[in-house]
Amino acid sequence: MNREQIYEWIVGVLHDTFEIDPADVKPESNLYTDLDIDSIDAVDLMLRAKELTGKRMQPDVFKTVRTVQDVVDALYDVMAENH
Amino acid sequence: MPSAINRAWRVVATAICFASFGLGGLLLRIAVFPCVSLLVRDRAQRRQVSRRIVRFAFRSFIAQMRVMGIYTYELRNIERLQRGGLLIIANHPTLIDVVFLMAFVRNADCVVKAALWRNPFMRGPIRAADYVSNGTGPDMVDACIEAIRKGGNLILFPEGTRSVPGRAFAFQRGASNIAVRGALALTPVYIECKPVMLTKGEKWYRVPDRAPHFVISVGEDIPVAPYLQSGLPLALGARRLTQDLEQHYTQELARHG
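Tell me what's going on with the overall build of chain A, and back it up with residues and numbers.
In terms of regular secondary structure, chain A is built from 4 helices and 0 strands. Listing every helix and strand of chain A by position from the N terminus yields α-α-α-α. A globule of 83 residues ought to have a C-alpha radius of gyration of about 12 Å, and chain A, at 12 Å, matches this closely. Across its three principal directions, the C-alpha atoms of chain A cover 35 × 25 × 20 Å. Looking at chain A alone, contacts between residues at least 24 apart form 58% of all its contacts between residues at least 6 apart. Averaged over its 8 positive side-chain charges, chain A has a centre that lies 8 Å from the centre of its 18 negative ones.

How would you explain the sheet that holds strand β3 (residues 108-112) of chain B if you had to name every residue and give the values?
All names here are of chain B. Strands sit in the order β1-β7-β6-β2-β5-β3-β4 across an open sheet of 7 strands; the sheet is mixed. Because the sheet does not close on itself, it has two edges, and the strands there are β1 (72-76) and β4 (132-133). Of the strand pairs in this sheet, strand β2 (residues 87-90) and strand β5 (residues 153-156) are connected by 3 bridges, and their pairing is parallel. In the strand pairing of β5, Ile88 is matched with Ile155.

Could you give an account of the nonpolar core, with specific residues and numbers?
Residues and elements named next belong to chain B. Membership of the largest hydrophobic core comes to 47 residues, with the highest contact counts inside it found for Tyr71, Ile96, Phe100, Tyr131, Val189 and Phe214. Of all the secondary structure elements, the ones that give two or more residues to this core are α1 (3-39), α2 (43-67), β2, α3 (97-104), β3, α5 (123-129), β6 (186-194) and β7 (213-218). Excluding its chain neighbours within four sequence positions, the residues that come into contact with Ile96 are Met65, Tyr71, Met197, Leu198 and Phe214. Counting 28 residues, the second largest nonpolar core, distinct from the first, contains Val132, Phe171, Leu245 and Leu253.

So what about a nonpolar patch on the surface? Which residues, and what values?
Where nonpolar side chains cluster on the molecular surface, the patch consists of Trp9, Val12 and Ile16 of chain B and spans about 250 Å² of accessible area. Note on placement: Trp9 of chain B falls in helix α1.

How would you summarise the packing of aromatic side chains if you had to cite specific residues and measurements?
All names here are of chain B. Enumeration according to the criterion identifies 15 aromatic pairs over all chains in this entry. Considering the side-chain rings of Phe21 and Phe58, the 6.0 Å spacing of their centres and the 35° angle between planes classify their relative orientation as tilted. With a gap of 37 residues between them, Phe21 in helix α1 and Phe58 in helix α2 connect regions that are remote in the sequence. Residue class for Phe21 comes out partly exposed when judged on its relative accessible area of 37%.

Any details on the pairing of β5 of chain B? Residues and values, ideally.
All names here are of chain B. Every second residue of β5 is oriented toward a common face, with Asn153 and Ile155 on one face and Leu154 and Leu156 on the other, all of them buried. Pairing geometry for β3 and β5, over 3 bridges, is parallel. Of the residues in β5, the one forming a bridge with Cys110 is Ile155.

Please give an account of the pattern of salt bridges that cites residues and values.
If charged atoms from side chains of opposite charge come close, those side chains can pair. Considering all chains together, one arrives at 16 salt bridges over all chains under this definition. Of the charged contacts in the structure, one is a salt bridge between Asp109 of chain B and Arg51 of chain B, with a shortest N-O distance of 3.0 Å. Placement of the pair is Asp109 of chain B in strand β3 and Arg51 of chain B in helix α2, with a sequence separation of 58 residues. An identical accessibility class is assigned to Asp109 of chain B and Arg51 of chain B; each is buried. Between Asp130 of chain B and Lys150 of chain B there is a salt bridge, with the nearest N and O atoms lying 3.6 Å from each other. In this pair, Asp130 of chain B sits in the loop between α5 and β4 while Lys150 of chain B sits in the loop between α6 (140-149) and β5, placing the two residues 20 residues apart along the sequence. Each of the salt bridges in this network shares a partner with another, and the network as a whole consists of Asp36, Asp38 and Asp41 of chain A together with Arg173 and Arg239 of chain B.

Please set out the side chain of Thr187 of chain B residue by residue, giving values where relevant.
Residues and elements named next belong to chain B. Its location among the elements puts Thr187 in strand β6. You can call Thr187 buried: its relative accessible area is 1%. In this structure Thr187 touches Leu81, Arg83, Leu86, Leu87, Ile88, Ile89, Val218, Gly219 and Asp221, once residues within four positions along its chain are discounted.

Before we move on, can you summarise the packing of helix α1 (residues 3-18) of chain A against helix α2 (residues 39-53) of chain A with the specific residues and values?
Residue and element names in this part refer to chain A. Running from amino to carboxyl end, α1 crosses α2 at an angle of 130°, the nearest separation of the two axes being 11 Å. Between α1 and α2, the crossing angle belongs to the class labelled oblique. At the point where α1 passes α2, the crossing takes the right-handed sense. Contacts from Trp9, Val13, Leu14, Thr17 and Phe18 in α1 reach Asp41, Asp44, Leu45, Arg48, Ala49 and Leu52 in α2. Residue classes in the contact of α1 with α2 are distributed as 7 nonpolar, 1 polar and 3 charged.

The rules behind each value
Residues numbered from 1 in each chain as written. Chains lettered and ligands numbered in written order. Predicted model: local features only at pLDDT ≥ 70, side-chain atom pairs only at ≥ 80, totals over all residues. Heavy atoms only, no water. Helix = DSSP H or I, 4+ residues; strand = E, 2+ residues; numbered from the N terminus. Rg over C-alpha atoms; globule rule 2.2 N^0.38 Å. Contact = heavy atoms within 4.5 Å. Lys, Arg positive; Asp, Glu negative; His and termini not counted. Charge placed at Lys NZ, Arg CZ, Asp CG, Glu CD. Pairing = 2+ DSSP bridges. Core = buried A, V, L, I, M, F, W, Y, C linked by side-chain atoms within 4.5 Å. Buried < 20%, exposed > 50% of the residue type's maximum accessible area, 1.4 Å probe, protein only. Patch = residues over 30% accessible without salt bridge, like charges linked within 9 Å, V, L, I, M, F, W, Y side chains within 5 Å. Areas by Shrake-Rupley, 256 points an atom, 1.4 Å probe, with all protein chains shown as cover. Salt bridge = Lys/Arg side-chain N within 4 Å of Asp/Glu carboxyl O. Phe/Tyr/Trp six-rings, centres within 6.5 Å; stacked < 30°, edge-to-face > 60°. Axes fitted to C-alpha atoms, helices over the stretch in contact; angles between N-to-C directions. Parallel < 35°, antiparallel > 145°, perpendicular 65-115°, else oblique. Left-handed = near helix turned anticlockwise from the far one by under 90°. Nonpolar A, V, L, I, M, F, W, Y, C, P; charged D, E, K, R; others polar.

It is worth stressing that arrangement in space is one thing and function is another; only the former is reported here.
Take a look at the structure:
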């Protein structure tokens, strides 16, 4: 998956899991302040990410994540390690 | 009593009550709780005893403030709290709401700031009473569910902090997530205090013109089943429940007021 596809995937997950309007999501959107994600939601998001990558996200990696683009980059790195 | 004198008296009385609260807390820490941990070795039993002591202490404090004329209060449908394994939520207008609830709820459990668990003065009683720590991040949801399944009555303030008078309710989603993920009904408590006292950002000595009257009423349980439909992600169920709770509290408090 390239970064663009990962981004599309995240927009879809945010919509299905949290009913966040895709029109509200931008790469620079802050998950916590712009998209109203809380720490409990972040765990759900990590579970969904695990389904995608087949790998458990390290909690400390997710702690450094702030924006949608950060998530894309983190997932891209995890998936790149697989190859 | 002329209102100026009454008001001055309530400032003095509040100072005395705060001092006795601190003193009582110190006494519990240095005298009572060391004895409890020495005498009661079984953990579950120690939890029960500790919670009973805390409840007694808070009841005494509530009574002291009433006797000294700081406020009056009435309780409605309080018998609804005399059960076990409840998820109790309440709005949070004043500093002493938690004292009221811990005083009237049997086997009361609450979430305590992680910093207090490391505080050498506080951690003895907090550990003995086996309260939930907020230091575990999202794992706190599971810890809360487990505490309720063990029969404790968990008290939560979904606003997270004291209400801002005149502003619409904004609930955090923790309580809803506990309800949805634990399939637990919520027991709502509505706290009214008129005129308001000990609100957020207000100095303790700025007492209102007349002694406030508290009304603490317990509503009927709010079932969680409507938010647990199959195919609905839990996070969405929790969001809908949170919105409905905000609306519910707005309506109920408007009806009472």
